[in-house]
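Topology and contacts: notes
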Amino acid sequence: MGIISRGFGGRRRESSPDLPPGQYLTHDFPVLSAGPTPRIPLDRWQFSIITETGEKHTWNWDEFTALPADEFTVDIHCVTKWSKLGTTWKGVSLDTLMADVESAADYAMAHSFGGYTTNVPVEDLLDGKAWVAYEFDGEPLHPEHGGPARLLIPHLYFWKSAKWVNGLRMMPEDEPGFWEAAGYHMYGDPWSEQRYHGD
Ligand SMILES: Nc1nc2c(c(=O)[nH]1)N[C@H]1C(S)=C(S)[C@@H](COP(=O)(O)O)O[C@H]1N2
Ligand SMILES: [Mo]
């Protein structure tokens, strides 16, 4: 529930206790992409997890969408300061995808069609905290928002939620992904405003 407060000049600004520091509420769904939107036909889509020993687990679209999926409602927070509360998704949890993966690695690099990467600690992927999502608001995820499927890690800034995700590479040591190498924070907790390197 948003709380409406009226600022000087009568401009309405919304705030909410669910809003991390420095964020404002938005009701539309901005599109933020570092490059063009890749179009991936479902018969060429696949998702792979590659462990630190080189073992590879791969799902094609039919195998992936046959896995048990969750419907969940979460808040999302972009480092450019917009937040969107109560977004509803359907996707396969990383717990499900990692169930048969034998790995002792503490970090993972998410990889996307188009070349985007982002790093995340494995513990932030597990215990119901992250999904590979393929529906938004009851409809197939639009390509602009990462369809056919995107990573969703709502408790971290939204740049960690790799659109058009096609795999995870398990890493014993943390390594920066695309934005992290350009100065964004290695972890990205919105509640402690870990926006940039050094925050
Ligand atoms: N593959 C890919 N994933 C990405 C990005 C990107 O440029 N490429 N941008 C990130 C950033 S900075 C944000 S805020 C969100 C934006 O998601 P949206 O376009 O669905 O709002 O996607 C994240 N995932
Ligand atoms: Mo972002």
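Values in this document were obtained by computation on a predicted structure and should not be read as measured data.

Criteria and cut-off values
Residues numbered from 1 in each chain as written. Chains lettered and ligands numbered in written order. Predicted model: local features only at pLDDT ≥ 70, side-chain atom pairs only at ≥ 80, totals over all residues. Heavy atoms only, no water. Helix = DSSP H or I, 4+ residues; strand = E, 2+ residues; numbered from the N terminus. Rg over C-alpha atoms; globule rule 2.2 N^0.38 Å. Contact = heavy atoms within 4.5 Å. Areas by Shrake-Rupley, 256 points an atom, 1.4 Å probe, with all protein chains shown as cover. Lys, Arg positive; Asp, Glu negative; His and termini not counted. Charge placed at Lys NZ, Arg CZ, Asp CG, Glu CD. Near = heavy atom within 4 Å. Polar contact = N/O pair within 3.5 Å; in protein donor to acceptor, adjacent residues only side chain to side chain. Nonpolar A, V, L, I, M, F, W, Y, C, P; charged D, E, K, R; others polar. UniProt positions renumbered as here; feature names shortened; annotations may be inferred. Salt bridge = Lys/Arg side-chain N within 4 Å of Asp/Glu carboxyl O. Buried < 20%, exposed > 50% of the residue type's maximum accessible area, 1.4 Å probe, protein only. 1 Å grid on protein atoms, 1.4 Å probe; cavity = no way out; pocket = protein on both sides within 12 Å on 5 of 7 lines; lining within 4 Å. Points joined across faces, edges and corners; volume = space filled by probe spheres on them. pLDDT = per-residue confidence, 0-100.

Some points on the overall build of the protein chain
The secondary structure content of the protein chain amounts to 3 helices and 13 strands. Relative to a compact globule of 199 residues, whose C-alpha radius of gyration would be 16 Å, the protein chain shows 17 Å and is just as compact. Dimensions of the protein chain, computed from C-alpha atoms along their principal axes, come out at roughly 60 × 40 × 30 Å. Put simply, 64% of the contacts in the protein chain that link residues at least 6 apart link residues at least 24 apart. Only carbon and sulfur atoms are counted for the fraction: they give 50% of the accessible area of the protein chain, which is about 10200 Å². For the protein chain, the centre of its 16 positive side-chain charges and the centre of its 29 negative side-chain charges are spaced 12 Å apart.

Description of the site of ligand 1
Taken together, 19 residues surround ligand 1, and among them Pro30, Ala34, His145, Arg150 and Lys163 come closest. Measuring from a nitrogen atom of ligand 1, one finds a backbone N or O atom of serine 161 at 3.1 Å. Partitioning the shell around ligand 1 into residue classes produces 12 nonpolar, 4 polar and 3 charged.

Section: the UniProt feature "domain: Oxidoreductase molybdopterin-binding" (unreviewed entry) in the protein chain
The positions that UniProt labels "domain: Oxidoreductase molybdopterin-binding" (unreviewed entry) are, in the present scheme, residues 35-179. The span residues 35-179 is 8% helical and 41% strand by assignment, and the distance between its end C-alpha atoms comes to 13 Å.

Here we look at the pattern of salt bridges
Pairing between side chains of opposite charge can happen when the charged atoms of each approach one another. Enumeration over the complete set of coordinates arrives at 4 salt bridges. The closest approach of N and O atoms between arginine 169 and glutamate 175, which form a salt bridge, is 3.6 Å. Given a relative accessible area of 33%, glutamate 175 falls into the partly exposed group. Linking arginine 195 and glutamate 193 is a salt bridge whose minimum nitrogen-to-oxygen distance equals 2.9 Å. Classification of glutamate 193 by relative accessible area gives partly exposed; the value is 28%.

Quick look at the layout of surface pockets
Put simply, the largest pocket is a space of about 500 Å³. Every residue lining the largest pocket is counted, 28 residues in all, and those nearest its centre are Leu32, Ser33, Ala34, Tyr116 and Trp179. Residue classes in the lining of the largest pocket are distributed as 19 nonpolar, 7 polar and 2 charged.

Notes on the confidence of the model for the protein chain
Reading fine detail from the predicted coordinates is not recommended where pLDDT is low. With 93% of its residues at a pLDDT of 70 or more, the protein chain shows a mean pLDDT of 94. Confidence over residues 1-11 falls short of pLDDT 50; this stretch has 16 contacts with residues more than four positions distant or in other chains.

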